[in-house]
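Descriptive structure summary
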Amino acid sequence: MATATKENTGFAQKLDAYFSISARGSSFGQEVRGGLTTFFTMAYIVVLNPLILGFVPDKAGNYLGGGTEPNLGMIAAATALIAGVLTVSMGAYARFPLALATGLGLNAFVAYGLVGSGALAWPEAMGLIVLEGVLVLILVLTKLRLAFLWAVPMALKKAIAAGIGLFLAFIAFWDSRLVNDPGSDAVPSQFGQGGAINTWPTLLFVVGIVVGGILLLRKVKGALLISILGVTVLAFVVEAIAKVGSVQDNPSGWALVVPTFTGQDWSFAPDLGLLGQVSILGAFTSGPAVLTVLLLIFSLFVVDFFDTMGTMTAVGEEAHLNDEVGVPANSQEILIVDSIGAIVGGVGGVSSNTAYIESASGVGDGARTGLASVVTGLGFLVAVFLSPLANLVPFEAATPVLVLVGLMMLTGVVDIDWKDYGIAIPAFLTMIVMPFGYSIAAGIGLGFIAYVILQSAKGDAKQVKPLMWLAAGAFAVYFALPALQTVFGL
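Source: prediction; values computed, not measured. (Residues numbered from 1 in each chain as written. Predicted model: local features only at pLDDT ≥ 70, side-chain atom pairs only at ≥ 80, totals over all residues. Heavy atoms only, no water.)

On to the overall build of the chain, then. Scanning the chain from terminus to terminus reveals 20 helices and 4 strands. Scaling as 2.2 N^0.38, a compact globule of 490 residues should have a C-alpha radius of gyration of about 23 Å, and the chain matches this with 23 Å. Each principal axis of the C-alpha atoms in the chain carries an extent, and together these give about 85 × 65 × 45 Å. Put simply, of all contacts in the chain between residues at least 6 apart along the chain, 78% involve residues at least 24 apart. Accessible area for the chain stands at about 20,600 Å²; split by element, carbon and sulfur atoms hold 66% of it. Measuring between centres, the 20 positive side-chain charges of the chain sit 10 Å from its 29 negative side-chain charges. (Helix = DSSP H or I, 4+ residues; strand = E, 2+ residues; numbered from the N terminus. Rg over C-alpha atoms; globule rule 2.2 N^0.38 Å. Contact = heavy atoms within 4.5 Å. Areas by Shrake-Rupley, 256 points an atom, 1.4 Å probe, with all protein chains shown as cover. Lys, Arg positive; Asp, Glu negative; His and termini not counted. Charge placed at Lys NZ, Arg CZ, Asp CG, Glu CD.)

Core analysis: the largest hydrophobic core is formed by 129 residues, its most contacted members being Y44, I52, L114, W122, L128 and F448. When residues in this core are grouped by element, the largest group, 11 residues, is from helix α4 (residues 72-94). Excluding residues that lie within four positions of it along the chain, W122 makes contacts with L53, V56, P57, D58, N62, Y63, L64, V110, A111 and V115. (Core = buried A, V, L, I, M, F, W, Y, C linked by side-chain atoms within 4.5 Å. Buried < 20%, exposed > 50% of the residue type's maximum accessible area, 1.4 Å probe, protein only.)

Let us now look at the packing of aromatic side chains. Given two aromatic rings, their pairing is described by the distance between the two centres and the angle made by the two planes. The final tally for this structure, using the stated rule, is 8 aromatic pairs. Between Y18 and F19, the ring centres sit 5.0 Å apart and the planes meet at 90 degrees, which makes this aromatic pair edge-to-face. A cation sits over an aromatic face here: R95 above Y18, 4.3 Å from the ring centre. (Phe/Tyr/Trp six-rings, centres within 6.5 Å; stacked < 30°, edge-to-face > 60°. Lys NZ or Arg CZ within 6 Å of the ring centre and 35° of its normal.)

A few words on the pattern of salt bridges. Applying the stated criterion to the full structure yields 5 salt bridges. Among the ionic pairs, E124 bridges to K59, the shortest N-O distance being 3.4 Å. Of the two residues, E124 sits in helix α6 (residues 122-141) while K59 sits in the loop between α3 (44-53) and α4, which places them 65 residues apart along the sequence. Salt-bridge contacts for K458 lead to D420; the nearest nitrogen and oxygen are separated by 3.7 Å. Linking K458 in the loop between α19 (440-457) and α20 (466-488) with D420 in the loop between α17 (400-410) and α18 (421-437), this pair joins segments that are 38 residues apart in sequence. Taking the relative accessible area as the measure of exposure, D420 reaches 28% and is therefore partly exposed. (Salt bridge = Lys/Arg side-chain N within 4 Å of Asp/Glu carboxyl O.)

Now for the side chain of D58. For D58, the location among the structural elements is in the loop between α3 and α4. There is a polar contact of 3.2 Å between the side chain of D58 and the backbone nitrogen of W122. (Polar contact = N/O pair within 3.5 Å; in protein donor to acceptor, adjacent residues only side chain to side chain.)

Moving on: the packing of helix α8 (residues 154-175) against α17. Two numbers describe how α8 lies on α17: the axes approach to 7 Å, and their chain directions differ by 165 degrees. In terms of orientation, α8 lies roughly antiparallel with respect to α17. Crossing hand, α8 versus α17: left-handed. Of α17, the residues touching α8 (which contributes A161, A162, I164, G165, L166, L168, A169, A172 and F173) are L402, V403, V405, G406, M409 and L410. Grouping the amino acids of the contact of α8 with α17 by side-chain chemistry returns 13 nonpolar, 2 polar and no charged. (Axes fitted to C-alpha atoms, helices over the stretch in contact; angles between N-to-C directions. Parallel < 35°, antiparallel > 145°, perpendicular 65-115°, else oblique. Left-handed = near helix turned anticlockwise from the far one by under 90°. Nonpolar A, V, L, I, M, F, W, Y, C, P; charged D, E, K, R; others polar.)

On the surface, F191, I197, W200 and L203 cluster together to form a nonpolar patch covering roughly 370 Å² of accessible area. Looking at the element boundaries, I197 is found in the loop between β3 (190-191) and α9 (200-217). Look at I197 and you get partly exposed, because its relative accessible area is 34%. (Patch = residues over 30% accessible without salt bridge, like charges linked within 9 Å, V, L, I, M, F, W, Y side chains within 5 Å.)

Another point: the confidence of the model for the chain. Atom-level detail of predicted coordinates should not be read off regions where pLDDT is low. For the chain, mean pLDDT is 85; residues scoring 70 or higher make up 91% of the total. Least confident of the elements in the chain is helix α7 (residues 145-151), whose mean pLDDT is 66; most confident is strand β1 (residues 100-102), at 96. (pLDDT = per-residue confidence, 0-100.)

Here α4 crosses helix α13 (residues 331-347) at 165 degrees, and the two axes come no closer than 10 Å. Put simply, α4 runs roughly antiparallel to α13. Between α4 and α13 lies a crossing whose hand is right-handed. Contact residues: I82, L86, S89, M90, Y93 and A94 in α4; E333, I334, I336, V337, D338, G341, V344 and G345 in α13.

Here is the structure:
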């Protein structure tokens, strides 16, 4: 008995030394608690990612996973599995309290910009994610990532994030029918039905925004997940009493998922069939021009590239783990795992995985080391076996979170100098074109072009980095490509 106790103590000491638990002023209890807090704060992605990716048919009419009908459980299983593996890897290799999962914003770009536009099939779109991840990994390993990071002005980085947030909110409003087509030429869209909310699903969507907002206001841990689960329960009650049914049978019905237990598959064996459904080079042979494909990869790169640096330093600052220049000591290892996240996310069919700012919630609850990330990752691995429950969540119960996430992504615009029109106009165009033009790539491209033109107009052309000139020129060709093809008979 004494030998076993000694061995256990020895293992604990090795674990403490490897993760620097005591050295960072933490304890095993703090790390476990912080890791669980992070998991419950960001577990909503297991439900939300399938709702963003799962209802968009590709150019062949197939949904993600290859079927002719959405399979949310399959996407949820892969989402949880890959988030779990990558977060454990972040904790064990980089030894930093940072969790990874499918990146919000980028998954919307993949769903609506690459696939929903009719340009690519799902495996081809995931192939571009893999290629973008390889590009980022090369830049990390060669330590060129900072050079690219500096090329795009901070204001445009914040505008890109804000624009994606507005885009996500617009998708939620439209698909919940809170905003819809009135069916006349008088106005292009309307609020509710003639200005009124008169359907149960739309009312529950509004309730979800209110509930989620109150929980965030009260700083409740896991606010977004609690909102999704709470409104889902309420939706089941409403359906049981009112018998609303599907929108296919009732114009006032549920848009995508009818909240009922009838006909549900109660097998908790996860469907991992999505893994490996990727075509690495398929986009180059499927029809779009090579320049178009390269610009799509570049757009993915821009959207995916900049978040981790900010997330990493913000979490490190919260945990008092940054060095004298404001970055964590293990930043290279953190960036390596993050870039691998894009590759693995593409191979797994769930879009690029990236670092989550929600990790700060765990840090606020005591997490200081990579052990907390290991705990968070194990939480996601357990969630793999609960993934079939994703098929029970109605769209109107989950998408209020998109509105709140959109708000969170919008907060960075306060740092933009709106009085400097040389940066304010490109930033505004980036933000506003994304939802109004229903294209993330178009917002990025127009913002880049406007930036180099306006900087040149005020005599600061030399201040524009060469990469920005190259990117703006490439986007200009991209926008003009149909006309060029017509003129030159391409």
